There are 2 protein chains.
Amino acid sequence: MNCRSIRRFLGAIVLTALSAAGLAGAVDPLPSWNDGTARQAIIAFVTKTTTPGSPDFVAIPERIAVFDNDGTLWPENPLPFQLAFVIDELKRRVPNEPELANDPMVRAALAGDLEKLLAGKHHDGLLHILALTHAGMTTGEFAARVERWLASARHPRFDQPYDRLAYQPMLEVLAYLRAKDFKTFIVSGGGADFMRVFSERVYGIPPEQVVGSTARTVFELRASGPVLVKTMDHLFVDDKAGKPAGIHQFIGRRPIACFGNSDGDLAMLQYTTINNPRPSFGLIVHHTDAKREYAYDAVTMSSGKLIEALKEAPQRGWTVVDMERDWKTVHSVRR
Amino acid sequence: MNCRSIRRFLGAIVLTALSAAGLAGAVDPLPSWNDGTARQAIIAFVTKTTTPGSPDFVAIPERIAVFDNDGTLWPENPLPFQLAFVIDELKRRVPNEPELANDPMVRAALAGDLEKLLAGKHHDGLLHILALTHAGMTTGEFAARVERWLASARHPRFDQPYDRLAYQPMLEVLAYLRAKDFKTFIVSGGGADFMRVFSERVYGIPPEQVVGSTARTVFELRASGPVLVKTMDHLFVDDKAGKPAGIHQFIGRRPIACFGNSDGDLAMLQYTTINNPRPSFGLIVHHTDAKREYAYDAVTMSSGKLIEALKEAPQRGWTVVDMERDWKTVHSVRR
């Protein structure tokens, strides 16, 4: 052994030690995830698509990730939170608007009679109370009502404001993707105007990256200035097969990563991952945790039925998250 | 005078010289703009809204700028370029599709009979040829047809591919705004799917920031993979009062800067600049340059009628660009 090879050997030891120290000191991007196949799959996908020189490298403009909201980013029990907003709004208004008090569908809503609201081919009762609470006011007034509700309402089980119940592990996935130059979008059946009130503050997702159900607004130039008045016209429901259509209309690119929790997300999972010329990733949040949250799939008291997507997941290579097993903590309870 | 004051005096001279050298060496963000009120107004607005400590500072997430396309970013004569695409597509297909050859509206289009196409309350002829060329195919097939047309078609007057006719001064405005962390959007009556084929390459505006006219697509999972089939259902025309509605639906924020050229942009100029709690800016490109491009406003052979917005501009403080006077060069003729 000569001096040069001793120096090289020592150099290799030093480099290895530095690398180990670097890795050991590296910040864990997903601290609320237990180390299992789900966490590993997320990290493997992000690493392979964002590391220069990787055969699976995807250029930054194409790094589009889409997330369902209800049941994926925050809970959807005992009711989708937007429906809780509708009911609370009707409660708030009934004392001042007698015609509401006499409305049979309003009464059904306040009595929790979901069967009556959902009756009929077109869920007319539900559409009716949606119209009462989502049409006729300006977009500014609507946003103010949602803000007021978020500040005062409490979840019946967790006794927290609704916007504190976002899933901490999913907030970490959102932040991790964005740190790697992904654009994160919501693609949800919920109302876009409803979600835009809090999406940036809670999820870091700006209004222009919220794809949801929408209806036409009407521009008016009033004495007080320009407004947009909400209507129920040309209602677009961004759910099931509507999700790929909504992705195309609002984003115009095929995503490469898709996160959902129910059969309402099946079409967008397929759209993202089947025969995609780019590497792609699909993930389903399976609610298995009755203790900390709710356990449901084929049978659900609320929305979020999950049957077909779960069946198809192995064949498609979708990652299935077992909430009970994979998440160290559930809610963010932060802001 | 003592040594200390001499040093301060010399220091001041040196600092002044350095500043002057710095300014003189600074890159001009708008080299194709003549130094006049229009150029100065653009720079003043961008400077005041993006300089930390400025009383008019606007936080980055709210720096939303919207641009009309036809007549603002590229020409709209002798026809809106998308209509030229429609006519060229029909010409291409007629030899192989005899039923097209016998279609009276197709014949009118190929004969340049705009009067016949635009006849009727709902421009039925125009809608018909739009349906023939914009519905029934997948989004992928449609995009391929637009790409093929862009590669082969030539403007009848300028004898250039259409995507080389973008306005160089406006490309500079787009780049300048983005360098100052604005998000630049197109908000146009033109088809979103049509514009998305070239918007990123030509304007630096990605598909998810193109707001245009849209119709529903239908998701299908075929043996070859998932596709979206274009239809004419639920057609949303993103023009006039539709532009603020489209801005709300697709962006969800009020812009602070708005660039247009016709009365079709009046509503979105009003939506952007009237009683906006944030500083705002409106600009109209007035086509005054028959020699290098086209001169039109109240009377136009194509679209882009400009009467009301020009009248309202002084009262609203909108910047009016005189193309002949304000632009050193017109077309980019670059790629």
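Since we're looking at a predicted model, the values are computed, not measured.

Here we look at the confidence of the model for chain A
Residue and element names in this part refer to chain A.
Now for step 1: Confidence along chain A averages 92 in pLDDT terms, with 92% of residues attaining 70 or more.
Now for step 2: In the model, residues 18-24 has pLDDT below 50 throughout and makes zero contacts with residues more than four positions away in sequence or in other chains.
Now for step 3: Reported confidence for the predicted complex is 0.90 by ipTM and 0.91 by pTM.

Focus on the relation of the copies chain A and chain B
Now for step 1: When chain A is brought onto chain B, the operation consists of a screw motion whose angular component is 180° and whose axial shift is 0.0 Å, with 0.0 Å RMSD remaining. The transformation relating the two chain copies, once decomposed into turn and shift, fits a two-fold axis. Taking C-alpha positions as reference, the residue of chain A nearest the rotation axis is Phe250(A), located at 3.2 Å.
Now for step 2: Of the residues that chain A buries at the interface, 100% are likewise interface residues in chain B, meaning the two copies contact each other through the same surface.

Some words on unusual backbone geometry
Most peptide bonds take the trans configuration, and most residues that are not glycine carry a negative phi.
Now for step 1: Along the chain, Asn77(A) connects to Pro78(A) via a cis peptide bond; the corresponding omega equals 0°.
Now for step 2: If you trace the backbone, Pro78(A) turns up in the loop between strand 1 (64-67) and helix 3 (81-93).
Now for step 3: You will see that His234(B), though not glycine, has its phi angle at about 50°, which is positive.
Now for step 4: Looking at where His234(B) falls in the secondary structure, it is placed in the loop between strand 5 (225-230) and helix 12 (242-250).

Examining the side chain of Arg196(B)
Now for step 1: Relative to the assigned elements, Arg196(B) resides in helix 10 (residues 192-196).
Now for step 2: Looking at Arg196(B), the relative accessible area reads 10%, which means it is buried.
Now for step 3: Only 3.4 Å separates the side chain of Arg196(B) from the backbone oxygen of Val210(B), close enough to count as a polar contact.
Now for step 4: Residues contacting Arg196(B), with those up to four places away along its chain left out, are His248(A), Gln249(A), Phe250(A), Ile251(A), Gly252(A), Pro207(B) and Val210(B).

Considerations on a nonpolar patch on the surface
Residue and element names in this part refer to chain A.
Now for step 1: Together, Leu127, Leu235 and Val237 line one region of the surface with nonpolar side chains, adding up to about 210 Å² of accessible area.
Now for step 2: By secondary structure assignment, the location of Leu127 is in helix 7 (residues 124-134).
Now for step 3: Look at Leu127 and you get partly exposed, because its relative accessible area is 32%.

Some words on the pairing of strand 7 (residues 281-288) of chain B
Residues and elements named next belong to chain B.
Now for step 1: Burial analysis of strand 7 places seven of its eight residues in the buried class, which makes it a mostly covered element.
Now for step 2: Pairing geometry for strand 6 (residues 257-260) and strand 7, over four bridges, is parallel. For Ala257, the partnering residue across the bridge sits in strand 7 and is Phe281.
Now for step 3: Between strand 6 and its parallel partner strand 7, the chain crosses via helix 13 (residues 266-273), and the hand of that crossover is right-handed.
Now for step 4: Judged from the four bridges that link them, strand 7 and strand 9 (residues 319-322) form a sheet pairing that is parallel. The residue bridging Leu283 from the neighbouring strand is Thr319, located in strand 9.
Now for step 5: Relative to strand 8 (residues 295-296), strand 7 runs antiparallel, the two sharing two bridges. Bridge pairing in strand 8 places His287 opposite Tyr296.
Now for step 6: Between the antiparallel neighbours strand 7 and strand 8 lie six residues.

Here we look at the nonpolar core
Now for step 1: By size, the foremost hydrophobic cluster in this structure holds 67 residues, and its most contacted members are Tyr203(A) and Phe259(A).
Now for step 2: Ranked by residues supplied to this core, first place goes to helix 3 of chain A with seven residues.
Now for step 3: Leu90(B), Ile129(B), Leu150(B) and Val210(B) belong to the second-largest nonpolar core, a separate cluster that totals 65 residues.

Regarding helix 13 (residues 266-273) of chain A
Residues and elements named next belong to chain A.
Now for step 1: Helix 13 sits mainly inside the fold: eight of its eight residues count as buried.
Now for step 2: Turning to helix 13, its buried residues number three or more, namely Leu266, Ala267, Met268, Leu269, Gln270, Tyr271, Thr272 and Thr273.
Now for step 3: In the segment just after helix 13, Asn275 is the residue with positive phi, at about 50°.

Considerations on the interface of chain A and chain B
Now for step 1: Across the contact, 40 residues belong to chain A and 41 residues belong to chain B.
Now for step 2: With both sides pooled, the region where chain A packs onto chain B buries about 3,300 Å², and carbon together with sulfur makes up 54% of that total.
Now for step 3: Linking chain A with chain B are six salt bridges.
Now for step 4: Joining chain A to chain B, the criterion identifies 22 residue pairs in polar contact (both at pLDDT 80 or more).
Now for step 5: Taken together, the residues that form the side of chain A that touches chain B break down as 19 nonpolar, twelve polar and nine charged.

Concerning the pattern of salt bridges
Now for step 1: What the rule picks out here adds up to 44 salt bridges over all chains.
Now for step 2: Salt-bridge contacts for Asp239(B) lead to Lys240(B); the nearest nitrogen and oxygen are separated by 3.6 Å.

Some thoughts on the environment of Asp163(A)
Residues and elements named next belong to chain A.
Now for step 1: Within the secondary structure, Asp163 is located in the loop between helix 8 (139-152) and helix 9 (168-179).
Now for step 2: Note on Asp163: relative accessible area 6%, which makes it buried.
Now for step 3: Residues Asp163 and Arg201, spaced 38 residues apart in sequence, show a C-alpha to C-alpha distance of 9.3 Å.
Now for step 4: At a separation of 2.9 Å, a polar atom in the side chain of Asp163 contacts the side chain of Arg201.

What counts as what
Residues numbered from 1 in each chain as written. Chains lettered and ligands numbered in written order. Predicted model: local features only at pLDDT ≥ 70, side-chain atom pairs only at ≥ 80, totals over all residues. Heavy atoms only, no water. pLDDT = per-residue confidence, 0-100. Contact = heavy atoms within 4.5 Å. Least-squares fit on C-alpha atoms with pLDDT ≥ 70 in both. Helix = DSSP H or I, 4+ residues; strand = E, 2+ residues; numbered from the N terminus. Buried < 20%, exposed > 50% of the residue type's maximum accessible area, 1.4 Å probe, protein only. Polar contact = N/O pair within 3.5 Å; in protein donor to acceptor, adjacent residues only side chain to side chain. Patch = residues over 30% accessible without salt bridge, like charges linked within 9 Å, V, L, I, M, F, W, Y side chains within 5 Å. Areas by Shrake-Rupley, 256 points an atom, 1.4 Å probe, with all protein chains shown as cover. Salt bridge = Lys/Arg side-chain N within 4 Å of Asp/Glu carboxyl O. Pairing = 2+ DSSP bridges. Right-handed = clockwise from strand over helix to strand, strands pointing away. Core = buried A, V, L, I, M, F, W, Y, C linked by side-chain atoms within 4.5 Å. Buried area = accessible area lost by both parts, 1.4 Å probe. Nonpolar A, V, L, I, M, F, W, Y, C, P; charged D, E, K, R; others polar.

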